[in-house]
Amino acid sequence: GRRSSPRRGSVVPYDTARRKAMRRRPRSEWLVVVIAASSGLVHSPYRRIRCSSSSGSRRAETWPACRASASSAEERGRPPAPKTLSRFMLDETLRDETKRDLEALIASVQMACKTISLLVQRAGLESMTGLHGETNVQGEEQKKLDVITNEVLKDALRFTGRLGVVASEEEANPLLVDEALDSKYVAVFDPLDGSSNIDANIATGTIFGIFRQTEECRLDYHTDDRDVLDAYATRCLLNTLQPGESLVAAGYCVYSSSTVLVLTLGDGVHGFTLDPRLDEFVLSHPNMRVPTRGTVYSVNEANEPKWDDAFRAYVADLKRGRGQTGKPYSARYVGSMVADVHRTILYGGLWGYPVDAKHPQGKIRLLYEAAPCSFIIEQAGGKSSTGFDSVLSIHPSSVHQRVPVFLGSADDVAELESYYANHLATNSTLASPLSSDPPLRSTPSSTPPSSLPSSNVTAFAR
């Protein structure tokens, strides 16, 4: 049929030389390039542009040859392009140049989360369910996926060149990163929270937190002096023992009916859902906020006989509608911290794991579970507490320190704290399990840096 030519003014050349080169091409090839360029499929010196004085497009100012600026996606009747996590981090970097190194770390985290999501989906098909046959430093039996996902996260983070130390639930000691070129950050993570639920196909997740280094952490390979190496190892260890309020970024990935990555950089919380068609995390929950008051409490009620009197009274009043709202609460408990916290952010209420007879100092690990999740909750307008103090104010005394944790809607957590305050005033025995550990009272560790054992730091094998 008859070949049609593009409309006059629909093609804008960058320069005369390229325009002449284009004219020497066959007309059919010329049309293909123009169409592909206008669709954004290839980069070309020609791009179809529609200009409109009302659109406010900056392209009309950038290219004077344009006779009409591009109208918006809404004006053309097309949905706006999805905003990916990579684009979100690029925008953050453009607003704040100091986040450029953080952009590389988040890119590595999202790559690891995509890999872990695929591993979780195929666990039953590739014989990755069941026990690994070993126990971790907490004495917990490791699942096969615990070990695999731990390696995935370590490998993803180590080659960024921006980390000096990483600490994991599955590692007895913090790990030095030999590949650190310009280390500025410390990463802590639980590679697969709720892994005991894997075989039952229940939601699991990954929790991570990123601190800025407080001490220089760069190995001197030119010395064999044991004292120098011990001092270096001690400085690196101290980088991991920071309170949650020092976090510069935190987040989690929840692997369920969809894979969702929730992230905060210290200025709000945003959720990104993994689009399997694009294989990209797409912004789906911008500016997430925890409701001020909820109607759900989430605890392991099988431990009720072992609870302290304050928490037992609080839960009993919630169930009977004797709380501040005057309405009974519903119970929801998955048993995977990431899943329960994610629901609490969306719907409000309270999630908690108190001290009990079996766990006199609490069960949740402070550094890579309680602190990152508390940071996310508070950035979303919620509140976290040990029953007395904010979780974020606790100075860790060890990498695997455990603490009691309550987090959720601000009013619900404040109501819980009032129960502890009232019971503390009338029952002196309540204070003993909580106040016996100084860090729970938000006091820094009194251990001098020189006395911290250097054996607590292990180097990555190249």
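Residues numbered from 1 in each chain as written. Predicted model: local features only at pLDDT ≥ 70, side-chain atom pairs only at ≥ 80, totals over all residues. Heavy atoms only, no water.

**As for the overall build of the protein**
Step number 1: Each helix and strand in the protein was counted, giving 12 helices and 20 strands.
Step number 2: Scored against the burial criterion, the 462 residues of the protein give a buried share of 50%.
Step number 3: In the protein, the proportion of contacts linking residues at least 24 apart, taken out of those at least 6 apart, comes to 65%.
Step number 4: Split by element, the accessible area of the protein, about 22100 Å² in all, is 49% carbon and sulfur. (Helix = DSSP H or I, 4+ residues; strand = E, 2+ residues; numbered from the N terminus. Buried < 20%, exposed > 50% of the residue type's maximum accessible area, 1.4 Å probe, protein only. Contact = heavy atoms within 4.5 Å. Areas by Shrake-Rupley, 256 points an atom, 1.4 Å probe, with all protein chains shown as cover.)

**Describing unusual backbone geometry**
Step number 1: The phi torsion at asparagine 201 lies on the positive side, around 60°, for a residue other than glycine.
Step number 2: Among the structural elements, asparagine 201 can be located in the loop between strand E7 (185-193) and strand E8 (204-212).
Step number 3: Relative accessible area serves as the criterion here: at 72%, asparagine 201 is assigned to the exposed category.

**Remarks on the packing of aromatic side chains**
Step number 1: Applying the stated rule across the entire model yields 7 aromatic pairs.
Step number 2: Centroid distance phenylalanine 88 to phenylalanine 272: 5.3 Å. Interplanar angle 70°. Geometry classified as edge-to-face. Pair noted here: phenylalanine 88 is in helix H4 (residues 85-95) and phenylalanine 272 is in strand E11 (residues 269-275), with a separation of 184 residues, a long-range link.
Step number 3: Taking the relative accessible area as the measure of exposure, phenylalanine 88 reaches 6% and is therefore buried.
Step number 4: A relative accessible area of 0% means that phenylalanine 272 is categorised as buried.
Step number 5: Through a chain of ring-to-ring contacts, three or more aromatic side chains come together here, namely Trp307, Phe311, Tyr314, Phe388, Phe406, Tyr419 and Tyr420. (Phe/Tyr/Trp six-rings, centres within 6.5 Å; stacked < 30°, edge-to-face > 60°.)

**Observations regarding the nonpolar core**
Step number 1: In terms of nonpolar packing, the biggest core is built from 41 residues, with Tyr252, Val341, Ile345 and Val405 touching the most fellow members.
Step number 2: The leading source of residues in this core is helix H10 (residues 366-379), at 9 residues.
Step number 3: The residues contacting tyrosine 252, other than those within four sequence positions of it, are Thr206, Ile207, Phe208, Val260, Leu261, Val262, Val338, Val341, His342, Ile345 and Ile376.
Step number 4: Core analysis: the second largest hydrophobic core is formed by 39 residues, Ala112, Leu157, Leu192 and Ala249 among them. (Core = buried A, V, L, I, M, F, W, Y, C linked by side-chain atoms within 4.5 Å.)

**A few points about H4**
Step number 1: All of the buried residues in H4 are Leu85, Phe88, Met89, Glu92 and Thr93. Buried residues in H4, looked at end-on, bunch into an arc of 140°, giving them a common side.
Step number 2: Those residues of H4 that are buried lie in contact with helix H5 (100-121), strand E10 (259-264), E11 and strand E12 (280-285). (Arc of directions from axis to C-beta.)

**A look at the side chain of serine 168**
Step number 1: The residue serine 168 is located in strand E5 (residues 163-168) in this model.
Step number 2: For serine 168, the side chain forms a polar contact with the side chain of asparagine 150, separated by 2.6 Å.
Step number 3: Polar side-chain contacts of serine 168 include one of 3.1 Å to the backbone nitrogen of glutamate 170. (Polar contact = N/O pair within 3.5 Å; in protein donor to acceptor, adjacent residues only side chain to side chain.)

**What to know about the state of the cysteines**
Step number 1: According to the stated counting rule, one finds 1 disulfide in the structure shown.
Step number 2: Put simply, cysteine 113 and cysteine 253 are joined by a disulfide, and their sulfur atoms are 2.4 Å apart. Between cysteine 113 and cysteine 253 the disulfide shows an S-S torsion of about 100°. By sign, it is right-handed. Note that cysteine 113 is positioned in helix H5 and cysteine 253 in strand E9 (residues 247-255), a separation of 140 residues in sequence. (Disulfide = S-S within 2.5 Å.)

**Considerations on the pattern of salt bridges**
Where charged atoms from two side chains of opposite charge come close, those side chains can pair.
Step number 1: All chains considered together, the criterion is met by 21 salt bridges.
Step number 2: Glutamate 92 is paired through a salt bridge with lysine 99; the nearest N and O atoms lie 3.1 Å apart. For the pair formed by glutamate 92 and lysine 99, the shared burial category is buried.
Step number 3: Of the charged contacts, one joins aspartate 267 and lysine 99 as a salt bridge, the two residues approaching to 3.5 Å between their closest N and O atoms. Placement of aspartate 267 in the loop between E10 and E11 and of lysine 99 in the loop between H4 and H5 is noted, with a sequence separation of 168 residues between them.
Step number 4: On the basis of relative accessible area, aspartate 267 is assigned to the partly exposed category, the value being 47%. (Salt bridge = Lys/Arg side-chain N within 4 Å of Asp/Glu carboxyl O.)

**So, the confidence of the model for the protein**
Step number 1: Residue-level pLDDT values for the protein average 77, and 66% of them are 70 or greater.
Step number 2: Note that pLDDT drops below 50 for residues 432-462; the model gives that stretch 70 contacts with residues more than four away or on any other chain. (pLDDT = per-residue confidence, 0-100.)

**Digging into the environment of proline 305**
Step number 1: In this fold, proline 305 is placed in the loop between strand E13 (296-298) and helix H8 (309-320).
Step number 2: Through-space distance from the C-alpha of proline 305 to that of aspartate 356 is 8.7 Å; in sequence the pair is 51 residues apart.

**Observations regarding the environment of serine 398**
Step number 1: Looking at the secondary structure, you find serine 398 in the loop between strand E17 (383-385) and strand E18 (402-403).
Step number 2: Residue classification places serine 398 among the partly exposed residues on the basis of a relative accessible area of 34%.
Step number 3: Expressed as a C-alpha distance, the spacing of serine 398 and leucine 367, which sit 31 residues apart in the sequence, is 8.7 Å.
Step number 4: A distance of 3.4 Å separates a polar side-chain atom of serine 398 from the backbone nitrogen of glutamine 401.

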